[in-house]
Amino acid sequence: PFPAADLAVRGTPEDWLAEDAALAVEDRLRAALLLGRGRDAVAGGAAVGPHRSDLVVRHAPTGQPAELCSTGEQKALLLAIVLADARLRLLRCGAPPLLLLDEVTAHLDAERRAALFGEIERLGAQAWLTGTDRHLFARLADRAQFLHVAAGRIGGSTSEMS
């Protein structure tokens, strides 16, 4: 339900790495930052550097760029990345991460929602999921705590869907 994503980082330093060794790129970046110091001071930030690079995502099974995928496929790709990171953190740290997922179910079909909820449970992660349509969380009714927020107030917590 969550397709593999091919990831790449694209930007000036990455382009330089295709042409030269990492140490040479460090020197080149240092020189570019020094040369642009006056311009960057006026602009309020550096015009060159890894902070200007972009994460490029492709739907691995089809090779299609993420920006050309449907909203649902984009959300599935993003969740694939988030869940892969969560699994890696679990392996590295020995403890599941805390997941904060805002409006995560909005563009997922029932199969992907069930898969997401199952993956969160397999991870043993504490997860805070937000959404405006409580029915999208119905599969969690017997194993989650639900909070209702309205007019700046948190309503009674319940594990029952009403």
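Above this note sits the structure.
Residues numbered from 1 in each chain as written. Predicted model: local features only at pLDDT ≥ 70, side-chain atom pairs only at ≥ 80, totals over all residues. Heavy atoms only, no water.

A.B. asks: Explanation requested: the side chain of T105 in the structure shown.
C.D. replies: Looking at the element boundaries, T105 is found in the loop between β4 (98-101) and α5 (110-123). We classify T105 as buried; its relative accessible area is 1%. In this structure, T105 is in contact with R113, F117, L136 and F137, ignoring residues within four places of it in sequence. (Helix = DSSP H or I, 4+ residues; strand = E, 2+ residues; numbered from the N terminus. Buried < 20%, exposed > 50% of the residue type's maximum accessible area, 1.4 Å probe, protein only. Contact = heavy atoms within 4.5 Å.)

A.B. asks: Would you mind showing me how to read the environment of D40 here?
C.D. replies: Within the secondary structure, D40 sits in helix α3 (residues 37-43). Assessed through its relative accessible area of 10%, D40 is described here as buried. Not counting residues up to four positions away in its chain, the partners in contact with D40 are L33, G45, A46 and A47.

A.B. asks: Mind showing me how you'd approach the packing of helix α1 (residues 12-19) against helix α2 (residues 22-35) here?
C.D. replies: A pair of packed helices is captured by two measures, namely the crossing angle of their axes and the spacing between those axes. Remark: α1 packs on α2, axes separated minimally by 9 Å, with the N-to-C direction vectors making an angle of 140 degrees. By the criterion of interaxial angle, the relationship of α1 to α2 is oblique. Crossing of α1 against α2: the hand is right-handed. Across the interface between the two elements, P13, W16, L17 and E19 from α1 touch A22, V25, R28, L29 and A32 from α2. Here the contact of α1 with α2 is composed, by residue class, of seven nonpolar, no polar and two charged. (Axes fitted to C-alpha atoms, helices over the stretch in contact; angles between N-to-C directions. Parallel < 35°, antiparallel > 145°, perpendicular 65-115°, else oblique. Left-handed = near helix turned anticlockwise from the far one by under 90°. Nonpolar A, V, L, I, M, F, W, Y, C, P; charged D, E, K, R; others polar.)

A.B. asks: How do you make sense of the side chain of H59 when you look at a structure like this?
C.D. replies: Within the secondary structure, H59 sits in strand β2 (residues 54-59). Those residues within four positions of H59 in sequence are excluded, and the remaining contacts are P3, A4, Q64, C69, E73 and L77.

A.B. asks: Just checking my understanding: could you explain unusual backbone geometry for this structure?
C.D. replies: When glycine is set aside, most residues are seen to have a negative phi, and most peptide bonds are trans. Phi at E103 is positive, roughly 50 degrees, even though this residue is not glycine. For E103, a relative accessible area of 25% corresponds to the partly exposed category. Despite not being glycine, A151 has its phi angle at roughly 50 degrees, a positive value. Positionally, A151 belongs in the loop between β6 (149-150) and β7 (153-154).

A.B. asks: Teacher, can you tell me more about the sheet that holds strand β3 (residues 64-65) here?
C.D. replies: Pairing between the strands of a sheet comes from backbone hydrogen bonds, and it takes one of two forms, parallel or antiparallel. Spatially, β1-β2-β3 is the arrangement adopted by the three strands of the open sheet, whose pairing is antiparallel. Pairing within the sheet leaves two strands with one partner each, and these edge strands are β1 (5-10) and β3. Judged from the six bridges that link them, β1 and β2 form a sheet pairing that is antiparallel. The partner of R10 across the bridge, within β2, is D54. This element, helix α4 (residues 71-93), spans β1 and β2 of the sheet and lies at about 110 degrees to β2. (Pairing = 2+ DSSP bridges.)

A.B. asks: Would you take a moment to explain the pattern of salt bridges for this structure?
C.D. replies: Opposite charge on two side chains makes pairing possible when the charged atoms of those side chains draw close. Counting across every chain of the model gives eight salt bridges. Ionic pairing is found between D85 and R89, a salt bridge with its closest N-O pair at 2.8 Å. Placement of both D85 and R89 in helix α4 is noted, with a separation of four residues, approximately one turn of the helix. Residue classification places D85 among the partly exposed residues on the basis of a relative accessible area of 35%. The class for R89 is partly exposed, based on a relative accessible area of 45%. (Salt bridge = Lys/Arg side-chain N within 4 Å of Asp/Glu carboxyl O.)

A.B. asks: What is the right way to look at a nonpolar patch on the surface in this model?
C.D. replies: A contiguous nonpolar surface patch, about 660 Å² in accessible area, is contributed by L98, L100, W128, L147, V149 and I154. On the secondary structure map, L100 appears in strand β4. (Patch = residues over 30% accessible without salt bridge, like charges linked within 9 Å, V, L, I, M, F, W, Y side chains within 5 Å. Areas by Shrake-Rupley, 256 points an atom, 1.4 Å probe, with all protein chains shown as cover.)

A.B. asks: Mind showing me how you'd approach the environment of R30 here?
C.D. replies: Inspection of the secondary structure assignment puts R30 in helix α2. Along the chain, R30 and R58 lie 28 residues apart, while their C-alpha atoms are 31 Å from each other. Polar side-chain contacts of R30 include one of 2.8 Å to the side chain of D27. (Polar contact = N/O pair within 3.5 Å; in protein donor to acceptor, adjacent residues only side chain to side chain.)

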